[in-house]
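# A structural walkthrough
So the chains spell out like this:
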Amino acid sequence: MPRSLALLALIVVELAVLAISLVTLLLCIGIGAIPLLPPQVRLVRRITGLHRRLARDWCGVEINAPYRPEPPPPRRQADGMYRYDRTLYRTPRIPAFNARWKWMITDPATWRDLVWMALDPVVKLALAPLLLLLPTRGLRLYGLWTPLLLSATANSRLAGQVSHLNRVRDLAVDTQAAEMRRIERDLHDGTQARLVAIGMTLGAVEQLLDTDAEAAKALLAKARDASAETLSDLRRVVRGIHPPVLAERGLADAVRALAIDSPLRVHVDIDLPHRPEAPVEAAAYFAVSELLSNAARHGGAETATIDISTNGRTLRITVTDDGMGGADPAKGSGLAGIERRLAAFDGVLALSSPPGGPTTVTMELAKVLPEHWAGNLPKMPRWKAALVVALWGTAWCPTFPQGLVAGAFKVIGIDEKSWFLALYLPAPWQWPTIVAMTLLGMSMYLLAIAIPAAHRGPLGKC
């Protein structure tokens, strides 16, 4: 009863907000009071958001917000100006307002909210007797009405997915660009400088060969040592791009190799029945590598523990060290880079690093493992399994003897009818029967393949 009374009391609030919305729209159309629109839309969305929460908590109906993703903030161009359409601005204030205003006015959910707010008081008044006499049933009926205009549509869900994919793409591009800059910096500062030094040393050797052979030999030895150091630098750069052990032996052995090379005492516990996809392995490997480097350089740790396991199709990685703690992604410790790398796979990172330690980082990459070894596929029902067996066991009969073989007999002109059904029929019906038999058998084969394939589909449903 208190919930029903609260819903009925909200009629007054809805009518007041509806009146404010109508006045705001008239002012926007009449005198161009556009700055009044965003506050009015936010007010309406607060009321509809409240009703979505009430429908979830009181009526047991989950309603997702239908609004399109907000526009990104304007970016400053190389010339210091901000662009919106074909106009340049000195500050981002006007471009941000124009983008937000256009986003609100073109979102169909904005107008659906207004229509719902106009109809909801009528629905509540119609349900008032039931809400007061039988509150449970009244709330249940109200829960059926609320999603009709307040739930997310297919277009809004698609727009949200596209926006999410765009953000993931931008993060992946930024991560790739950062990796390219790091590789270029390593090659420029290390390998390139050593190669230049080797070239200068060899030039000096050419000048000393005729005058001072002993000095030339010493310079050659120096060039040989420099070439070995350059080769080591190149190998280190290659390992930073994609370690050979990761490509050849997989994530488990690559992480164990990291643990061996690390200055920390690292305990590794890995439970991976199969290898994930190569991009997933690379993201997990470099995340673990970055965490071990942070623990050794910045955390003052002595020991670390790496645990890699699976939960269905989810890959979970936990790295714990006994360092001083206090890790924070905002301090440029490399955690922000790990988050960007994991974002390409909808991965999440959870950090626990109190001052004094220990530091525990848990990373989860959901739905990145193959379905066939995730261990959560439902078993095929017995009747479907029996149907598949029957199809495989009988499809040969209409396909070959009754279809293809009978057709071959008729083309060649063999008079033997044997047990071919089509050859016992009148002549006008023989070829249609042969074609029908062949199509029937092929359809049975395709159905026998399609049923298990549908069972192993992305949703794992039959």
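Above this text you will find the structure in question.
This section reports on the structure supplied with the text. These numbers come from a predicted model, not from an experiment.

## With respect to the nonpolar core
Grouped together as the largest cluster of nonpolar side chains are 37 residues, with contacts concentrated most on Ile 308, Leu 315 and Met 363. Elements that contribute at least two residues to this core include exactly helix 9 (244-261), strand 3 (265-270), helix 10 (278-297), strand 4 (303-311), strand 5 (314-321), helix 11 (335-343) and strand 7 (359-365). Looking at this core element by element, the count peaks at 10 residues for helix 10. Aside from chain neighbours lying at most four places away, what touches Met 363 is Ala 287, Leu 291, Leu 315, Arg 316, Ile 317, Ile 338, Leu 342, Val 348 and Leu 349. In terms of nonpolar packing, the next biggest core, distinct from the first, is built from 30 residues, Leu 25, Val 61, Ile 63 and Met 117 among them.

## Let's talk about the packing of aromatic side chains
Here the structure, examined in full by the defined rule, presents 4 aromatic pairs. Following the ring pairs from residue to residue traces out a cluster consisting of Phe 409, Trp 419 and Phe 420. Note that Arg 45 overlies the ring of Tyr 67, its terminal NZ or CZ placed 4.0 Å from the centroid. When the ring centre of Trp 103 is taken as reference, the NZ or CZ atom of Arg 45 above it lies at 4.9 Å.

## Remarks on unusual backbone geometry
Phi is mostly negative for residues that are not glycine, and the peptide bonds are mostly trans. Unlike most non-glycine residues, Lys 367 shows phi in positive territory, near 55 degrees. Structurally, Lys 367 is set in the loop between strand 7 and helix 12 (382-394). Taking relative accessible area as the criterion, Lys 367 reaches 65% and is therefore assigned exposed. For Ser 418, which is not glycine, the phi torsion reads 50 degrees and is therefore positive. The topology assignment puts Ser 418 in the loop between helix 13 (396-412) and helix 14 (427-455).

## Here's the deal with the environment of Leu 387
Along the polypeptide, Leu 387 turns up in helix 12. A relative accessible area of 33% places Leu 387 in the partly exposed class. Considering only alpha carbons, one finds Leu 387 and Glu 214, 173 residues apart in sequence, at a separation of 88 Å.

## Digging into a nonpolar patch on the surface
A cluster of nonpolar side chains, contributed by Val 411, Ile 412, Ile 414, Trp 431, Val 435 and Leu 439, occupies part of the molecular surface with about 600 Å² of accessible area. Where the nonpolar patch is concerned, the elements lending two or more residues are helix 13 and helix 14. A total of 3 residues in the nonpolar patch trace back to one element, the largest contributor, which is helix 14. Along the chain, Val 411 turns up in helix 13. Residue class for Val 411 comes out exposed when judged on its relative accessible area of 61%.

## Details of the sheet that holds strand 6 (residues 348-352)
To summarise the sheet geometry, strands pair through backbone hydrogen bonds and adopt either a parallel or an antiparallel arrangement. Here we have 5 strands laid out as an open sheet, ordered 3-4-5-7-6, and mixed in their pairing. Each edge of the open sheet is held by one strand with a lone partner, namely strand 3 and strand 6. On average, adjacent strands in this sheet sit at an angle of 10 degrees to one another, irrespective of strand direction. As paired strands, strand 5 and strand 7 are joined by 7 bridges and run antiparallel to one another. Note that in strand 7 the partner of Ile 317 across the bridge is Met 363.

## Details of the packing of helix 1 (residues 2-31) against helix 2 (residues 37-58)
It is at 10 Å that the axes of helix 1 and helix 2 come closest, and there the two elements cross at 160 degrees. As summarised for this structure, helix 1 and helix 2 are arranged roughly antiparallel, according to the angle between their axes. Handedness of the crossing formed by helix 1 with helix 2: left-handed. Contact residues: Arg 3, Ala 6, Leu 7, Leu 10, Val 13, Glu 14, Val 17, Ser 21, Thr 24, Leu 25 and Cys 28 in helix 1; Leu 37, Gln 40, Leu 43, Val 44, Ile 47, Leu 50, His 51, Leu 54, Asp 57 and Trp 58 in helix 2. Broken down by class, the residue content of the contact of helix 1 with helix 2 amounts to 14 nonpolar, 4 polar and 3 charged.

## Considering the pattern of salt bridges
Scanning all chains against the criterion turns up 9 salt bridges. In this structure, Arg 256 and Asp 253 form a salt bridge, with 3.1 Å as the shortest nitrogen-oxygen distance. With Arg 256 and Asp 253 both in helix 9, this residue pair falls 3 residues apart, about one helical turn. By relative accessible area, Asp 253 is classed as partly exposed at 24%. Connected via shared salt-bridge partners are Glu 14, Asp 120 and Lys 124.

## Here we look at the packing of helix 2 against helix 3 (residues 93-106)
Packing of helix 2 against helix 3 brings their axes to within 10 Å, and their N-to-C directions diverge by 45 degrees. The angle between helix 2 and helix 3 places the two elements in the oblique class. Considering the relative orientation of helix 2 and helix 3, their crossing is left-handed. Each of Leu 37, Pro 38, Val 41, Arg 42 and Arg 45 in helix 2 lies in contact with helix 3, whose residues at this interface are Phe 97, Arg 100, Trp 101, Trp 103, Met 104 and Ile 105.

## Description of the side chain of Arg 112
With respect to the helices and strands, Arg 112 occurs in helix 4 (residues 108-133). No salt bridge is formed by the buried Arg 112. Its closest oppositely charged neighbour is Asp 113, at 6.2 Å. Other than its neighbours up to four places away in sequence, Arg 112 contacts Pro 66, Leu 148, Leu 149, Leu 150, Ser 151 and Thr 153.

Cut-offs applied
Residues numbered from 1 in each chain as written. Predicted model: local features only at pLDDT ≥ 70, side-chain atom pairs only at ≥ 80, totals over all residues. Heavy atoms only, no water. Core = buried A, V, L, I, M, F, W, Y, C linked by side-chain atoms within 4.5 Å. Buried < 20%, exposed > 50% of the residue type's maximum accessible area, 1.4 Å probe, protein only. Helix = DSSP H or I, 4+ residues; strand = E, 2+ residues; numbered from the N terminus. Contact = heavy atoms within 4.5 Å. Phe/Tyr/Trp six-rings, centres within 6.5 Å; stacked < 30°, edge-to-face > 60°. Lys NZ or Arg CZ within 6 Å of the ring centre and 35° of its normal. Patch = residues over 30% accessible without salt bridge, like charges linked within 9 Å, V, L, I, M, F, W, Y side chains within 5 Å. Areas by Shrake-Rupley, 256 points an atom, 1.4 Å probe, with all protein chains shown as cover. Salt bridge = Lys/Arg side-chain N within 4 Å of Asp/Glu carboxyl O. Pairing = 2+ DSSP bridges. Axes fitted to C-alpha atoms, helices over the stretch in contact; angles between N-to-C directions. Parallel < 35°, antiparallel > 145°, perpendicular 65-115°, else oblique. Left-handed = near helix turned anticlockwise from the far one by under 90°. Nonpolar A, V, L, I, M, F, W, Y, C, P; charged D, E, K, R; others polar. Lys, Arg positive; Asp, Glu negative; His and termini not counted.

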